[in-house]
Amino acid sequence: MRKKSSLFSLKDFRGVRFFGRLNRAAQALLALTLLVGLNYVAAQPSFCLRWDLDFENRRGLWPETRAQLNELAKRAPADVSPENPWVRLIVTLQPPAAGTPAEEADAISMLRKQVLRLVDDFKYEARQTRRPDWIRFETADLVKNTRLSRELEKYGVLPPTTAIVALSRTGCRTVTAEELIKISPGESGNEPVIDGFRGEEAVMSAVLGVTEESAPNVYFLTGNGELDIDSSSRSFGLSSFAQALRSRYIAAKTLDLSVAPDVPADAALVVIADPRVPISPQTEEKLARYLRDRNGRVLAMIGPGTDSGLDNLLFDWGLQMQDVFVVENSPLCRLYDGNFAVRRYPARPHKTAEILVALSLPVVSSQFRAVEADLGAKEDRTRTITPLFFSSAGTDPSTGAPTSWGERDYRSAPYRFDTLRGDVDGPVPLGAVSERTAGSRLGVSIPGGRLVVIGSGDIASNAQIENGGNKPFLMNTVNWLIDRDVMLNIPPRPISQFRLKATPPDLAHVGWNFLFFPAGFALFGLLVFYWRKRP
């Protein structure tokens with residue numbers, strides 16, 4: 001008896017016809033899906049989708065900026081709409097006019113290209129927020145757009161080199177062409193050169209400036225020989241640190257508590273930057289009241305060889321600074337210029353130092369002292385102490401001494417480890433955070449005062465702030481102290497340059513490699529072809 005063939009058998013015409021119909025139906029469904037999808041995308045007022053495969057983030061916005069945009073979208077007024085946004089970001093930089101010298105025209109065109117690319121990045125990231133209508137992006141010529149010019153007149157005369165205008169319902173901030181570029185001094189007395197594009201930082205600062213009611217005030221203590229925020233000196237100036245704060249819409253001011261009756265009421269943070277003479281008991285008491293009674297925030301950076309005058313305040317917060325000079329002999333931590341690179345962090349790093357661990361960035365300074373929890377301090381359940389970083393751990397195989405230690409007799413060189421003298425065995429704690437809770441409500445702890453102590457006086461100086469991870473660490477620390485936690489863990493955007501340096505033999509070697517492999521594959525293909533064609 002003949003067996004009936006299956007419908008799904010390709011040996012039968014019915015099976016062939018069935019799979020042919022199924023194939024045509026699948027093609028029709030895919031074509032219809034493509035048609036509907038294209039019409040859907042075309043119907044959107046604006047559609048953009050991309051994946052950033054650049055792990056160094058040289059093309060997109062930094063996560064700090066994205067976090068700030070998300071935070072601003074949450075704070076935007078309820079009545080925002082595409083026609084009535086909270087913020088308008090207007091590009092006013094125009095193409096070079098006819099007759100502009102060639103060199104100047106090239107510079108303007110390059111800068112405008114960078115600005116438009118940056119605005120596209122901001123536009124894309126703003127669309128990803130929960131309320132994308134809070135900001136609108138525009139391009140305008142202030143000479144031809146008289147309506148916009150009249151609108152801006154109430155905010156005063158705009159700088160002639162204005163490139164971007166950030167406009168809100170209550171304020172206006174401008175970004176000039178000079179603020180968009182980073183200038184570095186030329187070599188051997190040559191003219192300064194453009195070293196990078198600072199547009200993201202400048203634009204975000206302008207947006208923050210028109211959306212925040214007032215900038216938080218950071219007061220730098222003076223009157224005790226501290227580093228100066230107005231000085232450009234490499235060793236004794238903090239002008240770069242102060243400028244970094246202002247670019248993030250944080251006001252940097254000075255405060256002399258030997259004259260002022262108390263810490264100002266609008267102080268978000270007080271910074272003590274390496275005092276050279278002891279702080280008076282009266283000033284210490286004012287700082288203690290600010291921390292204790294007003295849940296204040298203090299950042300103290302004090303290097304070795306200095307009597308800070310803050311022993312009582314530190315004791316109350318469970319910390320102590322030992323008068324030792326940290327000696328570091330680990331090859332991984334000694335830099336070629338004599339500086340000291342800190343690379344050891346706790347197993348669970350503090351929030352301010354997480355970026356250093358994630359990116360393997362060291363904290364760099366010329367010298368450190370020990371800062372640690374005071375075991376003799378009174379127990380306080382509202383207080384939490386967290387170490388920030390340590391010197392290296394290990395033993396020198398040639399001498400048997402630790403690779404790092406706290407030298408008690410640091411005024412007499414050469415240094416050698418001696419426990420009988422009271423030297424501190426490594427790893428030595430070099431910084432610590434002490435914070436208190438002001439109580440709890442509904443099971444949630446209410447933040448109290450915060451104190452950060454770093455055993456280095458020059459970590460924020462003009463000479464060191466750009467080294468290693470100093471700048472992102474300091475920015476994270478300030479943001480955490482003033483409750484801008486949303487901006488943590490974001491380093492300043494690096495400017496990478498890639499150059500191919502090769503000798504003629506190197507280029508010849510690369511050329512032969514590019515020629516040999518394709519030629520080899522072609523020859524192999526010909527041999528296979530010849531072998532298959534043999535009778």
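The structure we're discussing is the one just above.
Residues numbered from 1 in each chain as written. Predicted model: local features only at pLDDT ≥ 70, side-chain atom pairs only at ≥ 80, totals over all residues. Heavy atoms only, no water.

A. A look at the overall build of the protein chain. Of regular secondary structure, the protein chain possesses 12 helices and 20 strands. Put simply, the protein chain has 535 residues, and 42% of those count as buried. In the protein chain, of all internal contacts separated by at least 6 residues, the share reaching a separation of at least 24 is 70%. (Helix = DSSP H or I, 4+ residues; strand = E, 2+ residues; numbered from the N terminus. Buried < 20%, exposed > 50% of the residue type's maximum accessible area, 1.4 Å probe, protein only. Contact = heavy atoms within 4.5 Å.)

B. Fine view of the nonpolar core. Counting residues in hydrophobic clusters, the biggest one holds 46 residues, and the most contacted among them are F220, F241, L245, M301, F368, F389 and I454. Residues in contact with M301, not counting those within four places in the same chain, are V271, I272, A273, D274, P275, I454, S456, G457, I459, A460 and L474. Counting 34 residues, the second largest nonpolar core, distinct from the first, contains V87, L111, V203 and A206. (Core = buried A, V, L, I, M, F, W, Y, C linked by side-chain atoms within 4.5 Å.)

C. Broad picture of the sheet that holds strand β17 (residues 404-407). The three strands are arranged β12-β17-β18 in an open sheet whose pairing can be described as antiparallel. Of all the strands in the sheet, just β12 (325-328) and β18 (424-425) have a single pairing partner and so form its edges. Pairing geometry for β12 and β17, over four bridges, is antiparallel. Across the sheet, residue V326 finds its bridge partner in β17, namely G406. (Pairing = 2+ DSSP bridges.)

D. Structural detail: the pattern of salt bridges. If you walk through the whole model with that rule in mind, you get 18 salt bridges. A salt bridge links R289 to D262, with the nearest nitrogen and oxygen atoms 3.7 Å apart. In this pair, R289 is assigned in helix α8 (residues 281-293) and D262 in the loop between β8 (251-255) and β9 (267-273), connecting sequence segments 27 residues apart. Judged by its relative accessible area of 28%, D262 is partly exposed. Residues D483 and R297 are paired through a salt bridge, measuring 3.2 Å at the closest nitrogen-oxygen approach. With a gap of 186 residues between them, D483 in the loop between α11 (470-481) and α12 (504-533) and R297 in strand β10 (residues 297-301) connect regions that are remote in the sequence. Note on R297: relative accessible area 7%, which makes it buried. Three or more residues are tied together by salt bridges with common partners; here these are D262, E285, R289, R292 and D293. (Salt bridge = Lys/Arg side-chain N within 4 Å of Asp/Glu carboxyl O.)

E. Geometry of the packing of helix α2 (residues 63-75) against helix α6 (residues 199-211). Between α2 and α6, the shortest axis-to-axis distance is 11 Å and the interhelical angle comes to 20 degrees. In terms of orientation, α2 lies roughly parallel with respect to α6. Here the hand of the crossing between α2 and α6 comes out left-handed. On α6, the residues touching T65, Q68, L69, L72 and R75 of α2 are E200, M204, V207, L208 and T211. Grouping the constituent residues of the contact of α2 with α6 by class yields five nonpolar, three polar and two charged. (Axes fitted to C-alpha atoms, helices over the stretch in contact; angles between N-to-C directions. Parallel < 35°, antiparallel > 145°, perpendicular 65-115°, else oblique. Left-handed = near helix turned anticlockwise from the far one by under 90°. Nonpolar A, V, L, I, M, F, W, Y, C, P; charged D, E, K, R; others polar.)

F. Local environment of the packing of aromatic side chains. Going through the model one piece at a time under the given rule, you end up with nine aromatic pairs. Both rings, one in Y345 and one in F389, keep their centres 6.5 Å apart while their planes meet at 80 degrees; by these two values the pair is edge-to-face. In this pair, Y345 is assigned in the loop between β13 (340-342) and α10 (354-359) and F389 in strand β16 (residues 383-390), connecting sequence segments 44 residues apart. For the residue pair Y345 and F389, the accessibility class agrees, reading buried in each case. The structure contains a cluster of three or more aromatic residues connected by ring pairs, namely F340, Y345, F368, F389 and F473. (Phe/Tyr/Trp six-rings, centres within 6.5 Å; stacked < 30°, edge-to-face > 60°.)

G. Structural detail: empty space enclosed by the protein. Scanning the model with the defined rule gives one cavity of 30 Å³ or more in all. Size it by volume and the largest cavity reaches roughly 40 Å³. What lines the largest cavity is simply I272, L287, L291, V298, A300, L310, L313, L314 and L451. Secondary structure elements with two or more residues in the lining of the largest cavity: α8, β10 and α9 (311-316). The residue inventory of the lining of the largest cavity, partitioned by class, reads nine nonpolar, no polar and no charged. (1 Å grid on protein atoms, 1.4 Å probe; cavity = no way out; pocket = protein on both sides within 12 Å on 5 of 7 lines; lining within 4 Å. Points joined across faces, edges and corners; volume = space filled by probe spheres on them.)

H. Representation of the sheet that holds strand β4 (residues 172-176). In spatial order, the strands read β2-β1-β3-β4; together these four strands make up an open sheet with mixed pairing. Looking at which strands have only one partner, the edges of the open sheet turn out to be β2 (135-139) and β4. When the angles between neighbouring strand axes are averaged without regard to direction, this sheet yields 15 degrees. Two elements, strand β3 (residues 162-168) and β4, share five bridges in a ladder whose sense is antiparallel. Bridged to T162 within β4 is T176. Lying on the sheet, helix α3 (residues 102-127) is in contact with β1 (87-91), β2 and β3; it crosses β2 at an angle near 155 degrees. Here α6 sits on the sheet and contacts β1, β3 and β4; the angle it forms with β4, its principal contact strand, is near 165 degrees.

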